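# Observations on chain architecture
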Amino acid sequence: MSMDIIVKKGLDLKLVGKPSNEIDQAKFSQDFAVYPADFHGVFPKLVVKENDSVKAGDILFFDKNSEKVKFVSPVSGKIKEIVRGERRRVLEIKIHADKEITYKKIKKLKSKNSSDIIDYFSENGLWTYIKQRPYDVIADPESSPKEIFISGFDSSPLSADYDFITKDQKENIIEAIKNLSKLTKGSVNISLRKESNSFLRELNDVIIHNVSGPHPAGNLSTIINKVSPINKGDTVWTLNLPDLAIIGNAILNGKFSPERIVALVGSSISKPKYYKTLAGSNISTFLNLNEKNSRIISGNVFTGTMINLNGHLRHYSNEITAIPEGNDYDLFGWAKPLFEKFSVSRALTFSWLFPNKKYDLNTNTNGEHRAFVVTGSFEEVFPLDIYPMQILKACMYKDLDEMEALGMYEVSPEDFALTEFICVSKQPHQSIIREGLDLMKKYNLWEVMSANSNGVQNPAFRII
């Protein structure tokens, strides 16, 4: 079964540095790291200490709020250092890897019972790849999703081609989908580019959504909003196609191996192409820069995490992006015509005349933070049936009722990356939405606890 979805609103930002379709094996790194900050909303409780020896797949920590959600080591080796911040918060777990990786033996999954599958995923570090809406956090193992959505392509600038990097993972991905389908009474939905020839089209028990249009056509919020809008009390689980390959490999081969084919992209890269490596590995093993003064990003230019030259591939990243650092300024740049910069505005800019031109952009925001200016431009690049300006303002003044009425349950921070990019006020849209989602989660948790303890909910609760 398939459906066609046409996304009309959005923006394709064409950048220099697209990868060629060739895959190299990255040098093996003995320097690995796991960052609890990759898992928003998780409060880590360590089960290892410095100098402990671990195998790939051994548990490093679990979430204090949900002990079923466990996080495992990507490699075997010794815990080199546990880096802590304020209030002894765990920032980083450094691992010195063995030259030859040994794996924790994962028992074969024989049960078709949903609770047994959830326990299997949780115990072996596979649950971390399943996220949920609302709140865009790791899914609650105790919840029951009305549907599952899988992203089969990424439409963000210079993103990895999912069809290309998963072409040899057919068995693993099908096995993962087969088990995931037992965790919901609803349907499993997969979004694909309309022109894609993916093997996923051969599956019978899933719904394929043929998507066409500009970014954010690849964001699952765009699909969910059109197919199955989320109301209060609903839960939807989401995954990305490359993560399914890791899940399926663990089920079929009995070992946890977070192998990724990563796109090394951006104008600061001398030879943009794909590299095969492991999540958590040091990027210096495959990074090749042609510009020293560059910003390195684990992920894409809109939503990725800034890292240094000896940083590590983050848990969910399928690309490493490098673009020039924007710490130089143009004299009277605001008042002269711009030919080499991209803008959605036609004032003193000419990028609209060259829709297929690729740009070598840097990180300069070309302006500073100021009060919101109402321009109507956000609605031009925001395809969800939601008012972006109004929901941002509701998050800023913490009106929970208005946030809920405007559709806060359906969004994630990445949905506002484009509005942040074109914002003339330079407001941090993604941070605003993340804080709003955290506030709603906190309030709804309090609401449930209040109902369980008193038998009634307290409607007078407000966040000031």
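Residues numbered from 1 in each chain as written. Predicted model: local features only at pLDDT ≥ 70, side-chain atom pairs only at ≥ 80, totals over all residues. Heavy atoms only, no water.

Below, the discussion takes up the pattern of salt bridges. If you walk through the whole model with that rule in mind, you get 17 salt bridges. Residue Asp438 pairs with Arg434 through a salt bridge whose shortest N-O separation is 3.5 Å. Of the two residues, Asp438 and Arg434 are both situated in helix H10 (residues 429-454); the distance of four residues between them amounts to about one turn of the helix. According to the relative accessible area criterion, Asp438 is partly exposed, its value standing at 30%. We classify Arg434 as buried; its relative accessible area is 13%. Residues joined by salt bridges that share partners form a network here, namely Arg133, Asp136, Arg434 and Asp438. (Salt bridge = Lys/Arg side-chain N within 4 Å of Asp/Glu carboxyl O. Helix = DSSP H or I, 4+ residues; strand = E, 2+ residues; numbered from the N terminus. Buried < 20%, exposed > 50% of the residue type's maximum accessible area, 1.4 Å probe, protein only.)

With that out of the way, let us pick up the sheet that holds strand S18 (residues 294-298). Spatially, six strands are ordered S2-S17-S16-S20-S18-S19 in an open sheet, and the strand pairing comes out mixed. Of all strands in the sheet, those with a lone pairing partner are strand S2 (23-25) and strand S19 (305-307), marking the two edges. Neighbour-to-neighbour, the strand axes of the sheet open up by a mean angle of 30°, direction not taken into account. Relative to strand S17 (residues 273-278), S2 is paired through three bridges, and the arrangement is parallel. Looking at S17, one finds that Ile23 is bridged to Tyr274. (Pairing = 2+ DSSP bridges. Axes fitted to C-alpha atoms, helices over the stretch in contact; angles between N-to-C directions.)

Looking at helix H3 (residues 170-180), one finds that the buried residues are Asn172, Ile173, Glu175, Ala176, Ile177, Asn179 and Leu180. Packing partners of the buried residues in H3 comprise helix H1 (114-123), strand S12 (147-151), strand S13 (188-193), strand S15 (236-240) and helix H5 (241-253). (Contact = heavy atoms within 4.5 Å.)

Relative placement of two packed helices is described by the angle separating their axes and the distance separating the axes. The N-to-C vectors of H3 and H5 enclose an angle of 90°; their axes lie 7 Å apart at closest approach. The orientation of H3 with respect to H5, classified from their angle, is roughly perpendicular. Of the residues in H5, those touching H3 at Glu171, Asn172, Ile173, Glu175, Ala176, Ile177, Asn179 and Leu180 are Leu241, Leu244, Ala245, Ile247, Gly248, Asn249, Ile251, Leu252 and Asn253. (Parallel < 35°, antiparallel > 145°, perpendicular 65-115°, else oblique.)

Below, the discussion takes up unusual backbone geometry. Between Arg133 and Pro134 the backbone carries a cis peptide bond, its omega angle lying at 5°. Of note, Pro134 is situated in the loop between strand S10 (131-133) and strand S11 (137-138). Residue His215 is joined to Pro216 through a cis peptide bond whose omega torsion reads 20°. Topologically, Pro216 is positioned in the loop between strand S14 (207-212) and helix H4 (220-227). Phi is positive for Lys398, close to 60°, though the residue is something other than glycine. Relative to the assigned elements, Lys398 resides in the loop between helix H7 (388-396) and helix H8 (400-405). Since its relative accessible area comes to 39%, Lys398 is described here as partly exposed.

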